[in-house]
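Here is what each chain is made of, one letter per residue.
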Amino acid sequence: MLTGILVFAIIAFVVLVKLAKGKCSKQEDADVYIVMSILVGILACGLFVAICILAPKVATERTFDQKIEMYQEENAKIEKDIDKIVKEYLEHEHDTFEDLKTEESAITLVTLFPELKSDTLVQQQLEIYVHNNAQIKYLKEEKIEIAKDKWLLYFGK
């Protein structure tokens, strides 16, 4: 759409400049053509800038699916890692509880449970997972917005 309007504006600009330079019966007519050609020129420049802004966004559309796939693969790997860590921790917890006797004190119970060293790793992975999901959402929204930008540029889908 913007491309078509830009072409029309350039043609109108050229026609108006030729009319302004041509033999006009009155100077007032020539002045009107000059003012109109300046306005159409400004419009053409604005359209050109808009096209220059929208075109790179539309050109990056092909990479969105690849980026979404990459984030989904990374999230699947994180899910597997977290599942493995949780299973190992549950096994450790189960083994620890089997070894306990009811007559042991609370202090002994606390000393038998070491801090889960993988807790920070799990937290970091969860943060990455949440960030990846946010990126996937952002890329999908951008993909939707590109449909509008394509329509603005050239009535595309």
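Residues numbered from 1 in each chain as written. Predicted model: local features only at pLDDT ≥ 70, side-chain atom pairs only at ≥ 80, totals over all residues. Heavy atoms only, no water.

1. Section: the overall build of the protein chain
Across its full length, the protein chain carries 5 helices and 0 strands. Within the protein chain, the proportion of its 157 residues that are buried is 22%. When contacts within the protein chain are restricted to residue pairs at least 6 apart in sequence, those whose partners lie at least 24 apart make up 79%. Of the roughly 11800 Å² that the protein chain leaves accessible, carbon and sulfur atoms contribute 64%. (Helix = DSSP H or I, 4+ residues; strand = E, 2+ residues; numbered from the N terminus. Buried < 20%, exposed > 50% of the residue type's maximum accessible area, 1.4 Å probe, protein only. Contact = heavy atoms within 4.5 Å. Areas by Shrake-Rupley, 256 points an atom, 1.4 Å probe, with all protein chains shown as cover.)

2. Details of the nonpolar core
In this structure, Leu2, Leu6, Ala9, Leu47, Ile51, Leu139 and Leu153 are the most contacted members of the largest nonpolar core, which totals 17 residues. For this core, the elements supplying multiple residues, two or more each, are helix H1 (2-21), helix H2 (27-59), helix H3 (61-99) and helix H5 (118-154). When residues of this core are assigned to their parent elements, the largest contribution, 6 residues, is made by H2. In this view, leucine 2 contacts Leu47, Ala50, Ile51, Leu54, Leu152 and Leu153; residues no more than four positions away in its chain are not counted. (Core = buried A, V, L, I, M, F, W, Y, C linked by side-chain atoms within 4.5 Å.)

3. Focus: a nonpolar patch on the surface
Taken together, Ile34, Val35, Ile38, Leu39 and Ile42 make up a surface patch of nonpolar side chains, about 470 Å² in accessible area. By the secondary structure assignment, valine 35 is in helix H2. Classification of valine 35 by relative accessible area gives partly exposed; the value is 46%. (Patch = residues over 30% accessible without salt bridge, like charges linked within 9 Å, V, L, I, M, F, W, Y side chains within 5 Å. Salt bridge = Lys/Arg side-chain N within 4 Å of Asp/Glu carboxyl O.)

4. A closer look at the packing of H1 against H2
Put simply, H1 and H2 touch, their axes get as near as 8 Å, and they point 155° apart. With respect to H2, the axis of H1 lies roughly antiparallel. H2 is crossed by H1, and the crossing has left-handed handedness. (Axes fitted to C-alpha atoms, helices over the stretch in contact; angles between N-to-C directions. Parallel < 35°, antiparallel > 145°, perpendicular 65-115°, else oblique. Left-handed = near helix turned anticlockwise from the far one by under 90°.)

5. A closer look at the side chain of asparagine 132
Counting through the fold element by element, asparagine 132 comes out in helix H5. A residue is classified by how much of its surface remains accessible, and asparagine 132, at 2% relative accessible area, is buried.

6. Things to note about the pattern of salt bridges
By the definition in use, this model includes 4 salt bridges. Note that glutamate 61 and lysine 150 form a salt bridge whose closest N and O atoms lie 2.7 Å from each other. Taken together, the residues span a long stretch of sequence, with glutamate 61 in helix H3 and lysine 150 in helix H5 at a distance of 89 residues. Relative accessible area serves as the criterion here: at 21%, glutamate 61 is assigned to the partly exposed category.

7. Side note on the confidence of the model for the protein chain
Confidence in the prediction for the protein chain averages 79 pLDDT; 81% of positions are at 70 or higher. Within the protein chain, the element-level pLDDT minimum falls on helix H4 (residues 106-112), averaging 47, and the maximum on H2, averaging 86. (pLDDT = per-residue confidence, 0-100.)

8. A few points about H2
Compared with the 48 Å implied by 1.5 Å per residue over 33 residues, the 47 Å span of H2 between its first and last C-alpha is a close match. Considered for burial, the residues of H2 that qualify are Ala30, Ser37, Val40, Gly41, Ala44, Leu47, Ile51, Leu54 and Val58. (Expected span 1.5 Å × (residues − 1).)

9. Re the environment of valine 15
For valine 15, the location among the structural elements is in helix H1. Since its relative accessible area comes to 44%, valine 15 is described here as partly exposed. Distance from valine 15 to tyrosine 33, taken between C-alpha atoms, is 9.3 Å for residues 18 residues apart in sequence.

10. Points about the environment of phenylalanine 155
Relative to the helices and strands, phenylalanine 155 is located in the segment after H5. For phenylalanine 155, the contacting residues outside a window of four places in its chain are Met1 and Lys150.

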